[in-house]
Amino acid sequence: MTSTLPTEALGDSTPGVAGRVWGFVRRRPAATVAGAFVLLLVVMAVFAPLLAPYDPYAQDLLARLQPPSSVHWLGTDDYGRDVLSRLIYGARISLQASLQAVALALVLGLPLGVIAGYSGGWVDTVLTRIMDALMSAPSLVLAITIVAVLGSGITNAMLAVGLVMAPRFFRVARASTMDVRGDTYIEASVALGCTTSRTIVRHILPNVMPPIVLVISVSLGTAVAAEASLSFLGLGSKAPAASWGSMLSTAASNMQLAPYLVWPPGVMIFLTVLAFTYLGDGVRRALTRSRNGSN
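This is a predicted model, so every value here is computed, not measured. Residue indices begin from 1 for each chain and proceed along its sequence in written order. Only residues with pLDDT of at least 70 are given local features in this predicted model, and only at 80 or more are side-chain atom pairs given and counted; all residues enter the totals for whole chains, interfaces and linings. Side-chain numbers come from the whole structure's heavy atoms, not from hydrogens or water.

Asker: I'd love a proper account of the nonpolar core, names of residues and values included.
Answerer: Put simply, a nonpolar core is a bunch of buried Ala, Val, Leu, Ile, Met, Phe, Trp, Tyr and Cys residues held in one set by side-chain atoms that sit within 4.5 Å of each other. Relative accessibility thresholds used throughout: buried, under 20% of the residue-type maximum; exposed, over 50%; partly exposed, between the two (1.4 Å probe, protein chains only). If you look at the biggest cluster of nonpolar residues, it comprises 60 residues, and the most contacted ones within it are Leu41, Val161, Met165, Ile204, Trp244, Leu261 and Met268. In DSSP terms, a helix is any run of H or I states spanning at least four residues, a strand is any run of E spanning at least two, and both are numbered starting from the N terminus. Contributing elements (two or more residues each) for this core: α2 (29-46), α4 (83-119), α6 (139-150), α7 (154-180), α9 (196-232), α10 (244-253) and α11 (263-294). Looking at which element gives the most residues to this core, the answer is α4, with 14 residues.

Asker: Before we move on, could you go through unusual backbone geometry and cite the residues and values that matter?
Answerer: Positive phi, close to 55°, is recorded for Leu65, a residue that is not glycine. Among the structural elements, Leu65 can be located in the loop between α3 (48-51) and α4.

Asker: Report on the pattern of salt bridges, specifying residues and quantitative values.
Answerer: Pairing between side chains of opposite charge can happen when the charged atoms of each approach one another. The term salt bridge refers to a pairing of a side-chain nitrogen on Lys or Arg with a carboxyl oxygen on Asp or Glu at a separation within 4 Å. This model, assessed by the stated rule, comprises five salt bridges. The salt bridge involving Asp77 is made with Arg81; its shortest N-O contact spans 2.9 Å. We note that Asp77, like Arg81, is buried. We note a salt bridge from Arg129 to Asp132, for which the minimum N-O separation is 4.0 Å. Here Arg129 pairs with Asp132, and both are found in helix α5 (residues 121-136), just three residues apart, close to one helical turn. For Asp132, a relative accessible area of 29% corresponds to the partly exposed category. Salt bridges linked by common partners bring Asp77, Arg81 and Arg86 together as one network.

Asker: Any details on the packing of α2 against α4? Residues and values, ideally.
Answerer: Packing of α2 against α4 leaves a shortest axis separation of 8 Å and a crossing angle of 105°. As far as their axial angle goes, α4 and α2 are roughly perpendicular. Together, Leu41, Val42, Met44, Ala45 and Val46 of α2 and Leu87, Ile88, Ala91, Arg92 and Leu95 of α4 make up the contact between the two elements. Gly falls in the polar group here, along with every residue not listed as nonpolar (Ala, Val, Leu, Ile, Met, Phe, Trp, Tyr, Cys, Pro) or charged (Asp, Glu, Lys, Arg). Among the residues forming the contact of α2 with α4, the class breakdown is nine nonpolar, no polar and one charged. Between the N-to-C directions of two axes lies an angle of 0 to 180 degrees, each axis being a line fitted to C-alpha atoms and, for a helix, fitted only over the stretch in contact. Each angle gets one of four labels, with under 35 degrees taken as roughly parallel, over 145 as roughly antiparallel, 65 to 115 as roughly perpendicular, and the rest as oblique. Any two residues having at least one pair of non-hydrogen atoms within 4.5 Å are treated as being in contact.

Remember that the coordinates give geometry; whether it matters functionally is a separate question.
Right, dumping it as structure tokens:
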């Protein structure tokens, strides 16, 4: 006679992928700190109206260019606006802009890379040449050119940045697809009559995603820096938007009178790019380990 035991009695405590990812990232201090910082940015962006001590757009010319004090912790800019409030609202603009750019790059680069890597032949050649042409031009120059054609503004700026970053996703997806397309389980899937779309979704994409996760995270940081660069040049966020790039532009114009203005946005841009890089590397390692452990 056979008997069945409850799952709990069998000690089935195998964690899911999400649990293993979290456990692996938690064991890496750098990734944990990076994740905490990114979470802080998200909280700042979502709850900016509650966290900002002042209206970031309220001008007070009598209080312009005041150094940090108990009233204005990070001082005021050349229009008397509170720098801390604008820094908090700047997190919303930076994260929203970076998500737009990376989403566009992912939508363009990932499927085209998988198609090129899986199909090969003339399809691979044509798509690769197009992406190589995009990558041959300096990224910032190409983005500025696209913005000049489409017009300035945060949406057009992020559209330009997304187009510039798409070849990164294409190349990683293509290389990962080519690595696994000749494996036995892929050939078995085709021999059993699986359609191309099913083979790609069920077998190709799970192997492509770990390196893509790293590219997403690094690209988020790159997009933040790109948005700040374009806004600094006046091609991104329009005044009086509280963008870290426009805050840097204001600081550059008042460097002699108020050198303290350059530090808040500069430090935030640097830490954000660094945090996305470390977080992406930690998550990629966790996904790779969880996938290998499940095989």
